[in-house]
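Structural characterization, general
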Amino acid sequence: MANFSVTKSTDNGSGKLKESLSWAIKKANQNAGSDTITLTTDVTLTGQTQTDSLISSNVTVSNVDFDNNQAYGGQGYSYY
């Protein structure tokens with residue numbers, strides 16, 4: 001089990017920027033077993049997510065500040 005922290009507030013969806021949401025998803029998908037992705041900031045996706053599939057393994061997405069940290073996608077979608 002691994003924990004991947006998301007500290008980047010913007011994400012172009014490439015999975016290449018360390019500690020971005022798409023990077024954390026990519027790493028969790030590559031890692032065997034259950035993993036956790038922890039949001040430490042709000043995240044805005046500025047491009048199309050280019051990971052093989054969004055989440056293809058056992059992943060829990062949580063955040064440090066449940067009242068304030070959110071992930072925003074295009075088209076006005078919000079993910080809590």
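Residues numbered from 1 in each chain as written. Predicted model: local features only at pLDDT ≥ 70, side-chain atom pairs only at ≥ 80, totals over all residues. Heavy atoms only, no water.

1. Remarks on the pairing of strand β1 (residues 2–6)
Every second residue of β1 is oriented toward a common face, the buried set being A2, F4 and V6 and the non-buried set N3 and S5. Here five bridges tie β1 to strand β3 (residues 35–39), and the two strands are oriented parallel to one another. Looking at β3, one finds that F4 is bridged to I37. (Buried < 20%, exposed > 50% of the residue type's maximum accessible area, 1.4 Å probe, protein only. Helix = DSSP H or I, 4+ residues; strand = E, 2+ residues; numbered from the N terminus. Pairing = 2+ DSSP bridges.)

2. Things to note about the environment of V61
Mapping V61 onto the fold places it in strand β5 (residues 59–63). Sequence-wise, V61 and I37 are 24 residues apart; in three dimensions their C-alpha atoms are separated by 4.7 Å. If near-sequence neighbours (up to four positions away) are discounted, V61 is found in contact with I37 and L39. (Contact = heavy atoms within 4.5 Å.)

3. Here we look at the sheet that holds β1
Taken in spatial order, the three strands of this open sheet run β1-β3-β5, and their pairing is parallel. Two strands lie at the open edges of the sheet, namely β1 and β5, each paired on one side alone. For this sheet, the mean angle separating the axes of adjacent strands, direction not counted, is 20°. Pairing of β3 with β5, which is carried by five bridges, proceeds in the parallel orientation. When the sheet's bridge partners are listed, T36 is paired in β5 with T60. On the sheet, helix α1 (residues 21–30) packs against β1, β3 and β5 and is oriented at approximately 170° with respect to β1. (Axes fitted to C-alpha atoms, helices over the stretch in contact; angles between N-to-C directions.)

Honestly, it's all geometry; don't read function into it.
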